[in-house]
Amino acid sequence: MTTPLDALIAAERSRQRGVLRRAALYAALVAAASVILLGLSGWFITAAAIAGLAGPAVATAFNYMLPSAGIRLLAIVRTGARYGERLASHDAAFGALARIRPAVFAALAAQPPAVALGFTTGEATARMVGDVDAIEMRFVRRSAPWGAAAALSAGLCLAALGGIAAAVLAAACTALLLIAGRFLSERIAAPGRAVQRAAGQLRDSFAGLADAAPELRCFGLEEWAATRIDAQSRVLAAAQRSHANAAAWFDLLHAGTIGIAAAGTVALAAGSGAPRAALAALAAAMTVDAAGPLLRAMIDRGRLIEAQVRLDAVFAPAAAPAVRARVRDRAPAVALTLLVDSCVAAPGTRLALTGPSGSGKTTLVEQLLGLRTSAPGRLRLGGADVTTLAPDGLRRCFAWAPQDAMLLSGTVRDNLALANPEADDATLWRALHDAALDARIRALDHGLDSWIGENGARLSGGERRRLAVARAYCADAPWLLLDEPSEGLDGASEALLAERLVDRLNRTGQGLIVVSHRPALTAICTQRLDLAPGAARLRDAA
Amino acid sequence: MAYEDRAATARPAPDRIAARDRRRWLTAVTADGGRATTATQFLVLDSVAAIGFAGGLAGAIVAVPQGVAAMLPWAGLAAASGVARGLFAMLSARIGAAGAEGAKTALRRRIVGAALHRDPASAITTGAFMSAVVDEVEALDGYVARFLPARKAAALAPILILAATAAASPVAAGILAATLLPFIVAMILAGGAAADQSRRQFVALARLTSHFADRVRALPIILAFRAEDRETRAIGRSADELSARTMRVLRVAFLSSGSLEFFAALSVALVAVYCGFNLLHLLPFAAPEELDIGRAFFVLALAPEFYAPMRRLAAAYHDKQAAETAADRLAALPAVHAAAAIPMPTGPIDIRFDRVTIRYPGEARAAVSDVSFTVPAGRIVALLGPSGSGKSSLLHLLLGLAPLGSGTVRVAGVPLAPGASLAEIASWAGQHPLIVAGTICETLTLARPAATAREIDAVVRHAGLTPMLHARPGSLDGPIDARGGGLSGGERRRIALARALLKPAPIMLLDEPTAHLDAEAEAALITTITVACRGRTTLIATHSERLAGIADQIIRLGDAA
């Protein structure tokens, strides 16, 4: 079955086709040059010795120019081609990884909200870093078969000079090595997969415990937490060790086969004379040697399989996505119908959502944004049930300032641009002014380009919230959706915020849905929807 | 981010002192009880077996005219040497892996210790620590498993090969020795150039990890503003940067190993040509020796082995660079500062804050400035204010998790020393309770593993957990997963409260215990808290007016709005 990840890798492979072909070509050159280089050297020495023994006349007649030039040429070709092969294959691999990593984020964002928001930061990050890294091997090792094949062709031709039996032995040794490697790779797959899983779990359990510092300290659990993470770390290290131990068998197998191939060919090729026997033996040894990259690919098979399984969990569409109606982009003119109480909010309406905490105000807001599933028939937008609308069309209609600000780690500008990347500085300052935050931002060292820290750590709570409001002001949407925008502001600041909000609404004609208990904000609304159980739902604010 | 930037500037130039410190640090974390020495011994034995292989092949070639029977012992020697080489390589790899396992787990313990003891508001993000714990520690793997044994072997093995070569042909040995110098110079030059690139690669990796983790956290707002594509592109740029920097590191590594190979290949070709001409008696100078076919072949087969240990070293050079870069970054992590435990005061405990200011290192503004109030013994005080106003920082201060800038905190009249912690005599319940995979009982008794069944029953009742436990299969012994699946926010908060009650501590610290609860759940929990905290000196951080209503005194922390 082709998974979305496979399709992505296949697309990258075809995008990098040229580079990968070059890598394969270089790999073939390296392997063939190595085989011929050693074979030729062995033949040259042995033949020269025999010619030398035969006397000065024969020695002078011996054509030494061609072989010795050949040896030097092959040495240079091998070195250059190996550099080229490594560079090309890694170039292809890292070019592909740089595309697959953001694709992990895109795939995560495209999942239904319940799935996407269910991934912990640790789980998602482990996949984007650790598991995508493992995919590298699918690109780097692609040239391995070409190198092995080129070495085999060159090696068999040279070994055949020492007799058919020698050539057959060289081929048999390579084949046996690959078959045994294949068998070993089945056994090594389990520890390889364990390595990949353990690395992900270590990231996850670390992220889970690292944020509970006060509780850990109060209950004297710091040691306990360290031990727990340590246990994960040991599982990972033990998995890596047993993988390395299993992989070490490949060393034994490889070197042993080289020795046997060389010794066997020299014996079988004896009949063709010492020079050819030397040539056959060294060529056979290098032929088997050139299978090394193929063996290394086998070693990493388990890790690769597990990494792909883990990435598929992000890429695979979770349980058939609901069939969505096409985007009905009637944006600026939609009438928003909240069916909670058949409350009809026409464009430009200013609606206060009230009710005690827990009565579902924030839930309602998140349902409007398609971040939460809602019961069909409860919310309608422009005549259509929101559950049937594509999220993109839905979200186009709202500019949201969430309760907990939710700022990006970056600059003030980064945060504002999230809502509207095309906004110019004047627009940004206007939004900051309307959120009563312009003076504060102007006072920062770098103005709009000041760094605000992780989730706005360098700002106070009230400032964070107002930055989130300013961000919502930057978006060009028919409805403003403000969740407790003035929580934590003093009376004067709140009054200023409310006053400028009214100015803004008068100017833009946007509608407003505001979640708030504060009179300063409910007073600017024309309608009020009380979500308290049993409350007289809808009433005019007046 | 601050962490990377700090680590990036921590080492302006590789001056000698820094290099020595780093070496010392690496030696300390990689002390493995002599495993590297054993791995080295196997690598040296590998060179000995290589001599056997070359000798076997040369003997077999010489014996060709005498027939197959005469060749067999030599061919057998070659085959056996080949197998022995494999065996030694395998053992060396296994022992190296065992050493790496020990070094990595030990180092991870140290970093995890630093992460668990850091200030919750410190500049180093969890994402950056995660990158340190997993990826940067992993850099030690190659260093311990491959580089250290290879470095020691590179000093000894070539001499063995050289001696064996000299026995057959002193001139060839001379040629090999003479090519050693440019070889080593090339290696050093290549190594120096790669160090800087390697550091940049780590910075790029930590930046990408932080960036990605941040955007996963903020995913709802990214979705709401339909910025998925833009953020994907931004992550793509970080990923591109990582790829480009990785390629730069590899380019240098490949170029250096390429130049080493080139030198090695040229020297081997030089030896081959010398041997050939010597055998043909065509040398333009008077050779001090006369080679025969066996000796010539032996020398030729052995020549590549002379460089093999150094090529192995060069191949592991990237591991060394990575480990040194990681060492610089990891050594820059804050050291674990164990909080000094204060002696358990007797009698009623009050807590007096006097003009307390908390300022985190590197932050321009104080988290809390000039706050004074008293929590009388056995009473409840609520800190009321929006998030970010420093309520939590004041609670963290009592646990030694936030730095006291100025002012004093007196506990039962005794001033709290900087960095000291009340953890011994305090209990804690917060808004994101720690829940571990296992049973509910296990999560509860984290606070006090020795608690009796009767004590557990009492706190379960007090915290109002009874209805929930009745509804769950297995009751207290029912399973829960680490994310508290199947538990509502209120139930999690109640578990945290029950756990806090289980510890017989005179001080109770509650951090937003009712945040994001619905009205009914909040009201119920507030009643529970009122009863449960009776008699304990209690400090509650909250932005709920209703919860603050149960306090004997309310302290309003102004927001610099």
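About the criteria used
- Residues numbered from 1 in each chain as written.
- Chains lettered and ligands numbered in written order.
- Predicted model: local features only at pLDDT ≥ 70, side-chain atom pairs only at ≥ 80, totals over all residues.
- Helix = DSSP H or I, 4+ residues; strand = E, 2+ residues; numbered from the N terminus.
- Buried ≥ 20, exposed ≤ 12 C-beta atoms within 10 Å, placed from the backbone.
- Contact = placed C-beta atoms within 7 Å.
- Rg over C-alpha atoms; globule rule 2.2 N^0.38 Å.
- Core = buried A, V, L, I, M, F, W, Y, C linked by C-beta atoms within 7 Å.
- Domains from an automatic or database assignment.
- Pairing = 2+ DSSP bridges.
- Nonpolar A, V, L, I, M, F, W, Y, C, P; charged D, E, K, R; others polar.
- pLDDT = per-residue confidence, 0-100.
- Axes fitted to C-alpha atoms, helices over the stretch in contact; angles between N-to-C directions.
- Expected span 1.5 Å × (residues − 1).
- Parallel < 35°, antiparallel > 145°, perpendicular 65-115°, else oblique.
- Left-handed = near helix turned anticlockwise from the far one by under 90°.
- Arc of directions from axis to C-beta.

Participant: Is there a simple way to explain the overall build of chain B in this structure?
Facilitator: If you tally the helices and strands in chain B, you get 17 helices and 11 strands. A buried classification covers 56% of the 561 residues belonging to chain B. Within chain B, counting contacts between residues at least 6 apart in sequence, those at least 24 apart form 82% of the total.

Participant: Even after reading the chapter, I still don't get the overall build of chain A, so can you show me in this structure?
Facilitator: Helix and strand counts for chain A stand at 21 helices and 10 strands. Here the C-alpha atoms of chain A give a radius of gyration of 35 Å, more than 25% beyond the 24 Å that 2.2 N^0.38 yields for 542 residues. When the backbone C-alpha atoms are referred to their principal axes, chain A occupies close to 120 × 50 × 45 Å. For chain A, the proportion of its 542 residues judged to be buried stands at 56%. In chain A, of all internal contacts separated by at least 6 residues, the share reaching a separation of at least 24 is 80%.

Participant: Would you take a moment to explain the nonpolar core for this structure?
Facilitator: One broad trend across soluble globular proteins is that nonpolar side chains are buried collectively. Grouped together as the largest cluster of nonpolar side chains are 386 residues, with contacts concentrated most on Val266(A), Leu57(B) and Ile61(B). With 23 residues, helix 2 (residues 17–53) of chain A is the single largest residue contributor to this core. Excluding residues within four positions of it along the chain, Val266(A) makes contact with Ala277(A), Ala280(A), Ala281(A), Leu57(B), Ala60(B), Ile61(B), Met71(B) and Ala75(B).

Participant: Would you explain the domain arrangement of chain A in this entry?
Facilitator: Often, the extent of an interface is quoted as the loss of accessible area upon association of its parts. In terms of domains, chain A is made up of domain 1 (4–315) and domain 2 (331–540). Just the C-alpha atoms count here: the centres of domain 1 of chain A and domain 2 of chain A sit 55 Å apart.

Participant: Explanation requested: the environment of Arg234(A) in the structure shown.
Facilitator: Among the structural elements, Arg234(A) can be located in helix 10 (residues 222–268). Residue Arg234(A) is classed as partly exposed on the basis of its C-beta count, with 18 C-beta atoms lying within 10 Å.

Participant: I would appreciate a short explanation of the sheet that holds strand 1 (residues 351–358) of chain B in the present structure.
Facilitator: Sheet strands pair via backbone hydrogen bonds, and the direction of the pair is either parallel or antiparallel. All names here are of chain B. Taken together, the four strands give an open sheet; going across it, the order is 2-1-4-5, and neighbouring strands pair in antiparallel fashion. Whereas interior strands pair on both sides, the edge strands pair on one side only; in this sheet they are strand 2 (368–375) and strand 5 (414–415). Pairing geometry for strand 1 and strand 4 (residues 404–411), over six bridges, is antiparallel. Counterpart to Thr-357 in the pairing with strand 4 is Ser-406.

Participant: I keep staring at the interface of chain A and chain B and nothing clicks. Help me out?
Facilitator: Counting from both sides, the interface comprises 124 residues of chain A and, opposite them, 128 residues of chain B. With 28 residues, the top contributor of residues to the side of chain A that touches chain B is helix 10 of chain A. In terms of residue class, the side of chain A that touches chain B is made up of 73 nonpolar, 28 polar and 23 charged.

Participant: Where do I start with the confidence of the model for chain A in this structure?
Facilitator: Should pLDDT be low for a region, the predicted coordinates there are not to be read in detail. Chain-level pLDDT for chain A is 85 on average; 92% of the residues reach the 70-or-more range. This stretch, residues 319–333 of chain A, has a pLDDT under 50; its non-local contacts, to residues over four places away or in other chains, come to 24 contacts.

Participant: Any chance you could explain the pairing of strand 7 (residues 479–483) of chain A here in plain terms?
Facilitator: One face of the sheet, then the other: side chains in a regular strand alternate in exactly this way. All names here are of chain A. Burial analysis of strand 7 places five of its five residues in the buried class, the great majority of the element. Neither face of strand 7 is left uncovered, since the one carrying Trp-479, Leu-481 and Asp-483 and the one carrying Leu-480 and Leu-482 both have all their residues buried. As paired strands, strand 6 (residues 398–401) and strand 7 are joined by four bridges and run parallel to one another. In the sheet register, Ala-399 faces strand 7, and the bridge partner there is Leu-480. When strand 7 meets strand 8 (residues 511–515), the two strands line up parallel, connected through five bridges. Looking at the pairing, Trp-479 lines up with Gly-511 of strand 8.

Participant: For this particular structure, what's the right way to read the sheet that holds strand 11 (residues 553–556) of chain B?
Facilitator: Residues and elements named next belong to chain B. Taking strand neighbours across the sheet as the criterion, the five strands line up as 6-9-10-3-11 in an open arrangement whose pairing is parallel. Single-partner strands in this sheet number two, and they are strand 6 (426–429) and strand 11. Adjacent strand axes in the sheet meet at a mean angle of 15° when their direction is disregarded. Here five bridges tie strand 9 (residues 507–511) to strand 10 (residues 537–542), and the two strands are oriented parallel to one another. Considered in strand 10, the bridge of Leu-510 is made with Ile-540.

Participant: Is there a simple way to explain helix 2 of chain A in this structure?
Facilitator: All names here are of chain A. If you check helix 2, its first and last C-alpha atoms are 54 Å apart, about what 37 residues at 1.5 Å a residue would give, namely 54 Å. Judged by how many residues are buried, helix 2 sits mostly within the fold: 29 of 37 residues are covered. Gly-55 lies just past helix 2 and shows a positive phi near 110°.

Participant: It is not clear to me how the environment of Trp43(A) should be interpreted in this structure. Could you clarify?
Facilitator: Residues and elements named next belong to chain A. Checked against the element boundaries, Trp-43 lands in helix 2. Trp-43 sits in the buried class, given 23 other C-beta atoms within 10 Å. When near neighbours in sequence (up to four residues on either side) are disregarded, Trp-43 contacts Pro-275, Arg-276, Ala-278 and Leu-279.

Participant: How do you make sense of the packing of helix 2 of chain A against helix 9 (residues 293–315) of chain B when you look at a structure like this?
Facilitator: Axis angle and axis distance: for two packed helices, these are the angle between their axes and the distance between the axes, and together they describe the pair. Where helix 2 of chain A contacts helix 9 of chain B, the two axes come as close as 9 Å, and the packing angle between them is 160°. Viewed along their axes, helix 2 of chain A and helix 9 of chain B adopt a mutual orientation that is roughly antiparallel. For the crossing formed where helix 2 of chain A meets helix 9 of chain B, the hand is right-handed. Facing Ser41(A), Ile45(A), Thr46(A) and Ala49(A) of helix 2 of chain A, the residues of helix 9 of chain B in contact are Ile293(B), Ala296(B), Phe297(B) and Leu300(B).

Participant: Even after reading the chapter, I still don't get the packing of helix 10 of chain A against helix 12 (residues 292–299) of chain A, so can you show me in this structure?
Facilitator: Residue and element names in this part refer to chain A. Look at helix 10 against helix 12: their axes get within 10 Å of each other, and the N-to-C directions meet at 160°. Our classification of the angle between helix 10 and helix 12 gives roughly antiparallel. By crossing handedness, the relation of helix 10 to helix 12 is classed as right-handed. In this structure, helix 10 uses Ala-247, Phe-250 and His-254 to contact helix 12, whose residues at the interface are Gly-292, Leu-295 and Ile-299. Considered class by class, the residues forming the contact of helix 10 with helix 12 number four nonpolar, two polar and no charged.

Participant: Looking at this model, I keep getting lost on the confidence of the model for chain B. Mind explaining?
Facilitator: Residues and elements named next belong to chain B. Per-residue confidence for chain B averages 81 on the pLDDT scale, and 87% of its residues sit at or above 70. Confidence drops under a pLDDT of 50 for residues 1–14, and excluding neighbours within four residues, the segment shows 23 contacts in the predicted structure. For this predicted complex, the interface score ipTM comes out at 0.83, while the overall pTM is 0.79.

Participant: Help me understand unusual backbone geometry in this model?
Facilitator: Working note: non-glycine residues mostly have negative phi, and peptide bonds are mostly trans. Even without being glycine, Met406(A) reaches a positive phi, approximately 55°. Assignment of secondary structure puts Met406(A) in the loop between strand 6 and helix 16 (412–419). Of the residues examined, Met406(A) has 22 C-beta atoms within 10 Å and is grouped as buried. A positive phi is found at Asp370(B), a non-glycine position, where the angle reads about 55°. Along the chain, Asp370(B) turns up in strand 2.

Participant: Got a minute to help me understand the environment of Ala27(A) in this structure?
Facilitator: All names here are of chain A. Assignment of secondary structure puts Ala-27 in helix 2. The sequence separation of Ala-27 and Ala-149 amounts to 122 residues, and the corresponding C-alpha distance is 9.7 Å. Ignoring anything within four residues of it in the chain, the contact list for Ala-27 reads Glu-85, Ser-143, Ala-144, Trp-146 and Gly-147.

Participant: Teacher, can you tell me more about helix 20 (residues 491–508) of chain A here?
Facilitator: Side chains that are three or four residues apart share a direction in an α-helix, a result of its 3.6 residues per turn. Residues and elements named next belong to chain A. Under the 1.5 Å per step criterion, the end-to-end length of helix 20 is 26 Å for 18 residues, consistent within 8% with the ideal 26 Å. Turning to helix 20, its buried residues are Glu-494, Leu-497, Ala-498 and Leu-501. Axial view of helix 20: buried residues confined to an arc of 95°, hence all on one face. In this structure, helix 20 carries Ala-492, Asp-503, Asn-506 and Arg-507 as exposed residues pointing more than 90 degrees from its buried face. The inward-facing, buried residues of helix 20 abut helix 17 (425–434) and helix 21 (519–522). The positive-phi residue at the C-terminal boundary of helix 20 is Gly-509, with phi of around 75°.

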